[in-house]
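# Structure at a glance
Here are the chains, one letter per residue:
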Amino acid sequence: MKKIKLLRFGRDFKPDEQVILRDYLAIERTRLANERTLLSYIRSSLYLLLGSIAFFQLKDFPNFKYLAITSLVFCIIFFVIGVYRFTLLKKSLKRLYYMSNLENEKTTNSD
């Protein structure tokens, strides 16, 4: 039976590998911190979106329309920056993790 890789929360650590447990746990902490940061960006973006909607609802204050538009623009900017930084660090962590595995395999094969 095939495993579904849609929601993979952790990596399987095999103690017989050359990767030290401490290094593996450091990578996992960094990955989880990256996910928390993404969620913070999304939360801030949603708060700005709610603020923008609230400012659009104030019909008695026409000057708030510009504030609503500004809030909406910042909402989109926050979301894009958050997703961009998340994917950038995720790719960097993958590259670092796989490079360390490749180096360990080379040293194991040369012995």
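An account of the accompanying structure is given in this report.

Thresholds applied
- Residues numbered from 1 in each chain as written.
- Predicted model: local features only at pLDDT ≥ 70, side-chain atom pairs only at ≥ 80, totals over all residues.
- Heavy atoms only, no water.
- Helix = DSSP H or I, 4+ residues; strand = E, 2+ residues; numbered from the N terminus.
- Buried < 20%, exposed > 50% of the residue type's maximum accessible area, 1.4 Å probe, protein only.
- Areas by Shrake-Rupley, 256 points an atom, 1.4 Å probe, with all protein chains shown as cover.
- Salt bridge = Lys/Arg side-chain N within 4 Å of Asp/Glu carboxyl O.
- Polar contact = N/O pair within 3.5 Å; in protein donor to acceptor, adjacent residues only side chain to side chain.
- Phe/Tyr/Trp six-rings, centres within 6.5 Å; stacked < 30°, edge-to-face > 60°.
- Expected span 1.5 Å × (residues − 1).
- Contact = heavy atoms within 4.5 Å.

Turning our eyes to something else, we now look at the overall build of the protein. When helices and strands are counted, the protein shows two helices and zero strands. By residue count, 16% of the 111 residues in the protein fall in the buried class. For the protein, the accessible area works out to roughly 9400 Å², and carbon and sulfur atoms hold 65% of it.

Now for the pattern of salt bridges. The final tally for this structure, using the stated rule, is two salt bridges. One salt bridge in this structure joins Arg31 and Glu28, with 2.7 Å as the shortest N-O distance. Remark: Glu28 and Arg31 occur in helix α1 (residues 21-57); sequence separation between them is three residues, near one turn of the helix. An identical accessibility class is assigned to Arg31 and Glu28; each is buried. For Arg31, the salt bridge goes to Glu35, with nearest N and O atoms at 3.0 Å. Of this pair, Arg31 and Glu35 both sit in helix α1, four residues apart, roughly one helical turn. For Arg31, a relative accessible area of 12% corresponds to the buried category. Put simply, Glu28, Arg31 and Glu35 are held in one network by salt bridges that share partners.

Bringing the environment of Thr70 into the picture now. Tracing the chain through its elements places Thr70 in helix α2 (residues 64-110). Separated by 22 residues in sequence, Thr70 and Leu48 place their C-alpha atoms 9.4 Å apart. From its side chain, Thr70 meets the backbone oxygen of Tyr66 in a polar contact 2.7 Å long.

Evaluated as defined, the whole model comprises three aromatic pairs. An angle of 70 degrees between the planes, with centres 6.4 Å apart, marks the rings of Tyr41 and Phe78 as edge-to-face. With Tyr41 in helix α1 and Phe78 in helix α2, this pair connects stretches of sequence that are 37 residues apart. Phe78 gets classed as partly exposed once you look at its relative accessible area, which sits at 32%. Where Phe55 meets Phe64, the ring centres are 5.4 Å apart and the plane angle is 65 degrees; that geometry is what we call edge-to-face.

The next point concerns α1. For α1, built from 37 residues, the straight-helix expectation of 54 Å at 1.5 Å per residue is met to within 8% by its first-to-last C-alpha distance of 54 Å. Tyr24, Ile27, Glu28, Arg31, Asn34, Leu38, Tyr41, Ser45 and Ser52 are the residues of α1 that are buried.

Along the chain, Asn34 falls in helix α1. Using a relative accessible area of 7% as the deciding quantity, one classes Asn34 as buried. The residues touching Asn34, leaving out its near neighbours within four places in the chain, are Arg85, Phe86, Leu89 and Lys90.

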